[in-house]
Amino acid sequence: MIGGITLDYVEFPKLGIHIEISPIIVENVFGTQLDIRWYGLFIAFAMFLSLIIGMKQSKKYNIEEEDLIDMFLVALPVSIVFARLFFVVFTWNNYKNDLLGIFRIWEGGLAIYGAIIGAILSVYFFSRKRKIDMLNLCDFACVYLPLAQSIGRWGNFANQELYGSVTTLPWGMTGSIIGDDPVHPT
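Throughout what follows, the structure given in this document is the object of discussion.

### Describing the side chain of Ser79
Reasoning step 1: Checked against the element boundaries, Ser79 lands in helix H2 (residues 65-90).
Reasoning step 2: On the basis of relative accessibility, which here comes to 12%, the residue Ser79 falls in the buried class.
Reasoning step 3: Excluding residues within four positions of it along the chain, Ser79 makes contact with Gly114, Ala115, Gly118 and Ala119.

Written out as structure tokens, the structure is:
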């Protein structure tokens, strides 16, 4: 336990690696019941890093930085809403008797597939309104989605979620949440 935060652990037993980590970085921010989590930090970092690098590269695709920022400001909230809706639709039994729970996004439950659907729809309508070639915009943005996704996966690592199948390979990992059977880190 560090500063009131209970630490979980992730191990790579065959490699002799033991990492103590909690999904929560800071508990009860400003006396509220909201926590700062590794997952949120990695996702925010991934989005802003992709935006900053994209702004530097946008001229090569004849995309104005202002258009890129405006598109980001439209696509981000739409993507979050769609990520949540996708999650809720596929876990409806958790919410059918607690409809207000749908809005408690801080309790977890976002799906990348919903975020991608929301982003594509946002970019489509944004590019039509601004008369920007959507295919050019997609060519430009195609490197930033996997970049952001790979950074965001470190948040999944901290949460000990979305790991692969059981393995006997040397890099198999276990953890306080994962259990004792080694699984592929993803």
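We are not done yet, so read on.
### Considerations on the pattern of salt bridges
Reasoning step 1: Tallied over the entire structure, the rule returns six salt bridges.
Reasoning step 2: The partner of Asp70 in a salt bridge is Arg130, with the nearest N and O atoms 2.8 Å apart. Placement of Asp70 in helix H2 and of Arg130 in helix H3 (residues 112-130) is noted, with a sequence separation of 60 residues between them.
Reasoning step 3: With relative accessibility at 27%, the residue Asp70 sits in the partly exposed group.
Reasoning step 4: Where Glu107 meets Arg104, a salt bridge forms, and the shortest distance between an N and an O atom there is 3.1 Å.
Reasoning step 5: For Glu107, a relative accessible area of 54% translates into the label exposed.
Reasoning step 6: Within the structure, one salt-bridge network assembled from shared partners comprises Asp67, Asp70 and Arg130.

### Points about the pairing of strand E1 (residues 8-12)
Every other side chain in a regular strand lies on the same face of the sheet, so the side chains alternate between the two faces.
Reasoning step 1: Alternating residues of E1 divide into Asp8, Val10 and Phe12, all buried, and Tyr9 and Glu11, none buried.
Reasoning step 2: As paired elements, E1 and strand E2 (residues 17-21) share five bridges and run antiparallel to each other. Bridge pairing links Phe12 to Ile17 in E2.
Reasoning step 3: The turn linking E1 back onto E2 is made up of four residues, and Gly16 within it adopts a positive phi angle of 70 degrees.
Reasoning step 4: Where E1 lies against strand E5 (residues 173-175), two bridges are found, and the strand directions are antiparallel. When the sheet's bridge partners are listed, Glu11 is paired in E5 with Thr174.

Definitions and cut-offs
- Residues numbered from 1 in each chain as written.
- Predicted model: local features only at pLDDT ≥ 70, side-chain atom pairs only at ≥ 80, totals over all residues.
- Heavy atoms only, no water.
- Helix = DSSP H or I, 4+ residues; strand = E, 2+ residues; numbered from the N terminus.
- Buried < 20%, exposed > 50% of the residue type's maximum accessible area, 1.4 Å probe, protein only.
- Contact = heavy atoms within 4.5 Å.
- Salt bridge = Lys/Arg side-chain N within 4 Å of Asp/Glu carboxyl O.
- Pairing = 2+ DSSP bridges.

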